[in-house]
Amino acid sequence: MTRQPEPLIFELSSPGRTAFTLPELDVPQASLPEGHVRDDLNLPEVSELEFVRHYTRLSQKNYAIDTVYYPLGSCTMKYNPKVNEKAASIEGLSQVHPLQPEASVQGSLELMYNLQEALKEISGFAGVSLQPAAGAHGEFAGVLIMRAYHESRGDFKRTKVLIPDSAHGTNPASSAMSGFSVVEIPSDERGNVDLDALKSECDDTVVGLMLTNPNTLGLFEENVLEVCDTIHGCGGLVYGDGANLNALLGIARPGDLGFDVLHFNLHKTFTTPHGGGGPGSGPVGVSQRLAPFLPGPIAAKAGDHYTLMMPEQSIGRLKAFYGNYGMFIRAYTYIRMMGPTGLRAVAEHAVLNANYLKAKVAPHFPIAVERTCMHEFVAHGDVSGTDIRALDVAKRLIDYGFHPPTNYFPLIVHDALMIEPTETESKETLDAFAEALAQIAEEARRDPELVHSAPHTAPVTRLDEVTAARKPVLCYKG
Ligand SMILES: *Cc1c(COP(=O)(O)O)cnc(C)c1O
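Numbering of residues starts from 1 in each chain and follows the order in which that chain's sequence is written. At least 70 in pLDDT is required for a residue's local features to be given in this predicted model, at least 80 for side-chain atom pairs to be given and counted, and no such filter applies to totals for whole chains, interfaces and linings, which use all residues. No hydrogens and no water enter the side-chain calculation; it runs on all heavy atoms of the structure.

1. Describing the overall build of the protein
Moving on, step 1. A helix here means a DSSP run of H or I that spans at least four residues, while a strand means a run of E at least two residues long, and both kinds are numbered starting from the N terminus. Helix and strand content of the protein: 14 helices and 12 strands.
Moving on, step 2. Every radius of gyration here is taken over C-alpha atoms, with the globule rule written as 2.2 Å times N^0.38, N being the number of residues. For 478 residues, the compact-globule estimate of 2.2 N^0.38 gives 23 Å, and the C-alpha radius of gyration of the protein, at 25 Å, lies within 12% of that figure.
Moving on, step 3. Each principal axis of the C-alpha atoms in the protein carries an extent, and together these give about 75 × 70 × 40 Å.
Moving on, step 4. Here, two residues are considered to be in contact whenever any of their heavy atoms come within 4.5 Å of each other. In the protein, the share of contacts with a sequence separation of at least 24, taken over all contacts with a separation of at least 6, comes to 71%.
Moving on, step 5. When the accessible surface of the protein is summed, it comes to about 23100 Å², and 55% of that surface belongs to carbon and sulfur atoms.
Moving on, step 6. As used throughout, the charge tally considers Lys and Arg to be positive and Asp and Glu to be negative, leaving His and the chain termini uncounted. Here the site of a charge means NZ on Lys, CZ on Arg, CG on Asp, or CD on Glu. When the 39 positive and 58 negative side-chain charges of the protein are each reduced to one mean point, those points stand 1 Å apart. Under the convention used here, a 1.4 Å probe and the Shrake-Rupley method define accessible areas, while residue burial counts only the protein chains that appear.

Written out as structure tokens, the structure reads:
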């Protein structure tokens, strides 16, 4: 099947055609200064209708949570309620300037303060800073906080951060960027941190452990209390990667489990838009002893007045002004709309959906570690007896109208397909997705070429993603 490429806007161009009409000149005509006119740009000349069609068509090529099911594991691609957008567009919030006098932005500061308080309550921490712009940025903040804590006690010999082999790549990156070495801790056959391996690395050079719970296999760390005790026993701190907090909302609090610091991904757990949909936001929460080191400024309350303050021993600013403020509005709206029982229901339904889908997928794609999962699970995406791999299955899913799951992560599972249904999907959608996977497994045996050459319905097929990222072609070359 050959696809006819759609014409690019340059190819629609016809000399003299315009997509605009200027109003009649009502001031004296003047020429632009010498050197300020370029006539070598070769811009497309199209009518307004062609122009509108071109960009509307392009916009419709986006995969978006508002149009398709998006089970991208670890990313929590759940529905972003439209009421969040409505709140974020309230003029009194969206039109203020970050340098306005405090007295004139009391409502904006109150919202920041209330969001900090809500995140503290949800996570069991003593302090929260909303500064970081993403999860990875929150990790970086957290590792700098751990470093500042040790140094404030005159303890300079701690140089290594322990990280389980199932961790997201941002964990070792954040540690390395903070000047520490990384020691990988293996997982055991139940997908937990290998306790013996952990203990053998615990000494007075440990900065801390970075632990994701539930981990990237979608499994609750069964020995979490002992893991935290072990790290604390050697003077280290426990960093929580909070990307998977969706599974714990209203049920367990990282602060109560023994974590010292954790980042939240407002764009995962708290329904602010992802990726191309908007900037991220990765607040950090800390226990009492780490609160003085939080990045700032953070919102504080003095009597009935709201103000911004810098914690005494702050690691400093990480972001211009106060963070990605528009995301605070959206996340706060979501939290208040859901309320405590609503948030708990989020976690319960996310876990129920994942276990339901896991049971339907398992006969076709075996589960990496067969245990009751939390909000996501990891299957092996290769089809036994064929040369069909996870990538082929992922690409073929596009033809069935689904965004592929995360694949080839976590690295400890061969041909990983990491599937996170989220709580906002219906049973019908989950059934249709499981049915598509069953059919692809069947196609892989009957007509492997069909799967190998997928996708067949997308505007472009298999891209060289590495070259595309390393050597992007951003200009039209007709
Ligand atoms: C998404 C994710 C991160 C990084 O968060 P960003 O907001 O994308 O920077 C870190 N760890 C895990 C487990 C994640 O899923």
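2. What about the sheet that holds strand S4 (residues 206-212)?
Across a sheet, strands are paired by hydrogen bonds formed along the backbone, either parallel or antiparallel in direction.
Moving on, step 1. Here, strands pair whenever DSSP counts at least two bridges between them. With mixed pairing, 7 strands are arranged side by side in an open sheet as S1-S7-S6-S5-S4-S2-S3. Pairing within the sheet leaves two strands with one partner each, and these edge strands are strand S1 (127-129) and strand S3 (181-185). Averaged over neighbouring strand pairs, the angle between their axes works out to 20° when direction is ignored.
Moving on, step 2. Two elements, S1 and strand S7 (residues 284-286), share 3 bridges in a ladder whose sense is antiparallel. Paired with Val128 across the bridge in S7 is Gly285. Angles run from 0 to 180 degrees between N-to-C directions of axes, and those axes are lines fitted to C-alpha atoms, restricted for helices to the stretch in contact.

3. Considerations on the packing of helix H4 (residues 106-123) against helix H10 (residues 325-361)
Moving on, step 1. One can describe the packing of H4 onto H10 by two numbers: an axis separation of 10 Å at closest approach and a directional angle of 45°. It follows that H4 is oblique to H10 by the angle criterion. Our pair here, H4 against H10, has a crossing hand that is left-handed. Across the interface between the two elements, Ser108, Leu109, Leu111, Met112, Asn114, Leu115, Ala118, Leu119 and Ile122 of H4 pack against Tyr325, Phe328, Ile329, Ala331, Tyr332, Ile335 and Leu343 of H10. Any angle that falls under 35 degrees is termed roughly parallel, while one over 145 is termed roughly antiparallel, one within 65 to 115 roughly perpendicular, and all others oblique. In this scheme the handedness of a crossing depends on how the near helix is turned from the far one: anticlockwise by less than a right angle means left-handed, clockwise means right-handed.

4. With respect to a nonpolar patch on the surface
Moving on, step 1. Candidates for patches are residues over 30% relative accessible area with no salt bridge; among them, like charges are joined within 9 Å and nonpolar side chains (Val, Leu, Ile, Met, Phe, Trp, Tyr) within 5 Å. Salt bridge criterion: a side-chain nitrogen from Lys or Arg within 4 Å of a carboxyl oxygen from Asp or Glu. On the surface, Phe51, Val52, Tyr55 and Leu58 cluster together into a nonpolar patch covering about 360 Å² of accessible area.
Moving on, step 2. Inspection of the secondary structure puts Tyr55 in helix H1 (residues 48-60).

5. Here's the deal with the packing of aromatic side chains
Moving on, step 1. Any two rings among Phe, Tyr and Trp, with Trp reduced to its six-membered ring, count as a pair given centres within 6.5 Å; such a pair is stacked if its planes are under 30 degrees apart, edge-to-face if over 60, and tilted if neither. Scanning the model with the defined rule gives 8 aromatic pairs in all.
Moving on, step 2. With a centroid separation of 5.3 Å and an interplanar angle of 85°, the aromatic rings of Tyr69 and Phe433 are classed as edge-to-face. Of the two residues, Tyr69 sits in the loop between H1 and helix H2 (82-88) while Phe433 sits in helix H12 (residues 427-446), which places them 364 residues apart along the sequence.
Moving on, step 3. Among the aromatic side chains, those forming a connected cluster through ring pairs are Tyr69, Phe402 and Phe433.

6. Comments concerning the site of the ligand
Moving on, step 1. Inspection of the region around the ligand gives Ser74, Ala134, Gly135, Ala136, Glu139, His168, Thr170, Asp241, Ala243, Asn265, His267 and Lys268 as its neighbouring residues.
Moving on, step 2. Two N or O atoms count as a polar contact when they lie within 3.5 Å, although within protein this holds only if one can serve as hydrogen donor and the other as acceptor, and sequence-adjacent residues are included solely when both atoms are side-chain atoms. Take Ala136: an N or O atom from its main chain is 2.8 Å from an oxygen atom of the ligand.
Moving on, step 3. Asn265 places a polar side-chain atom, nitrogen or oxygen, 3.1 Å from an oxygen atom of the ligand.
Moving on, step 4. For the ligand, whose free accessible area comes to 380 Å², the fraction covered by protein is 87%. Any residue with a non-hydrogen atom lying within 4 Å of a molecule or strand is treated as near it.

7. What about the environment of Glu151?
Moving on, step 1. Summarising the element assignment, Glu151 is placed in helix H5 (residues 135-152).
Moving on, step 2. Accessibility expressed as a relative area gives 38% for Glu151, which makes it partly exposed.
Moving on, step 3. C-alpha of Glu151 to C-alpha of Thr386: the two residues are 235 residues apart in sequence and 55 Å apart in space. A 1.4 Å probe rolled over the protein chains alone gives each residue an accessible area, and that area as a share of the maximum for its type sets the label: buried under 20%, exposed over 50%, partly exposed in between.

8. Overview of the nonpolar core
Across soluble globular proteins, you tend to see nonpolar side chains buried next to one another.
Moving on, step 1. Leu115, Leu119, Leu162, Leu198 and Phe270 are the most contacted members of the largest nonpolar core, which totals 57 residues.
Moving on, step 2. Here the element with the most residues in this core is H10; it accounts for 11 residues.
Moving on, step 3. Inspection of this core shows a minimum of three residues originating in each of domain 2 (82-338) and domain 3 (341-468).
Moving on, step 4. Counting 34 residues, the second-largest nonpolar core is a separate cluster that includes Tyr69, Phe402, Leu437 and Ile440. Nonpolar core, defined: a set of buried Ala, Val, Leu, Ile, Met, Phe, Trp, Tyr and Cys residues in which side-chain atoms within 4.5 Å join the residues together. Domain start and stop points were drawn from an automatic or database domain assignment.

9. Some points on the domain arrangement of the protein
Moving on, step 1. Here the protein is described as being made up of domain 1 (1-23 + 43-58), domain 2 (82-338) and domain 3 (341-468).
Moving on, step 2. Of note, the centres of domain 1 and domain 3, computed from C-alpha atoms alone, are 37 Å apart.

10. Let's talk about the sheet that holds strand S10 (residues 377-380)
Moving on, step 1. With respect to topology, 3 strands assemble into an open sheet ordered S10-S12-S11, the strand pairing being antiparallel. Each edge of the sheet is formed by a strand with only one pairing partner; in this case those strands are S10 and strand S11 (406-407).
Moving on, step 2. Those strands touched by H10 are S10 and strand S12 (416-419), and its axis lies near 10° from that of S10.

11. Focus: the layout of surface pockets
Moving on, step 1. Grid points spaced at 1 Å and placed over the protein atoms alone form the basis of the search, with a cavity being a set where a 1.4 Å probe fits but cannot get out and a pocket an open set showing protein on both sides within 12 Å along at least five of seven lines. Lining residues have an atom within 4 Å of a point. Grid points are joined across faces, edges and corners, and a volume is the space filled by probe spheres set on the points. By volume, the largest pocket amounts to about 1400 Å³.
Moving on, step 2. In terms of lining, the largest pocket is formed by 37 residues, of which the most central are Lys61, Pro459, Val460, Thr461 and Leu463.
Moving on, step 3. Elements represented by at least two residues in the lining of the largest pocket include exactly H1, helix H11 (390-399) and helix H14 (465-470).
Moving on, step 4. Under the grouping applied here, Gly and all other residues not named as nonpolar or charged are polar, the nonpolar ones being Ala, Val, Leu, Ile, Met, Phe, Trp, Tyr, Cys and Pro and the charged ones Asp, Glu, Lys and Arg. Its residues placed into classes, the lining of the largest pocket shows 23 nonpolar, 6 polar and 8 charged.
Moving on, step 5. The two domains that each donate at least three residues to the lining of the largest pocket are domain 1 (1-23 + 43-58) and domain 3 (341-468).

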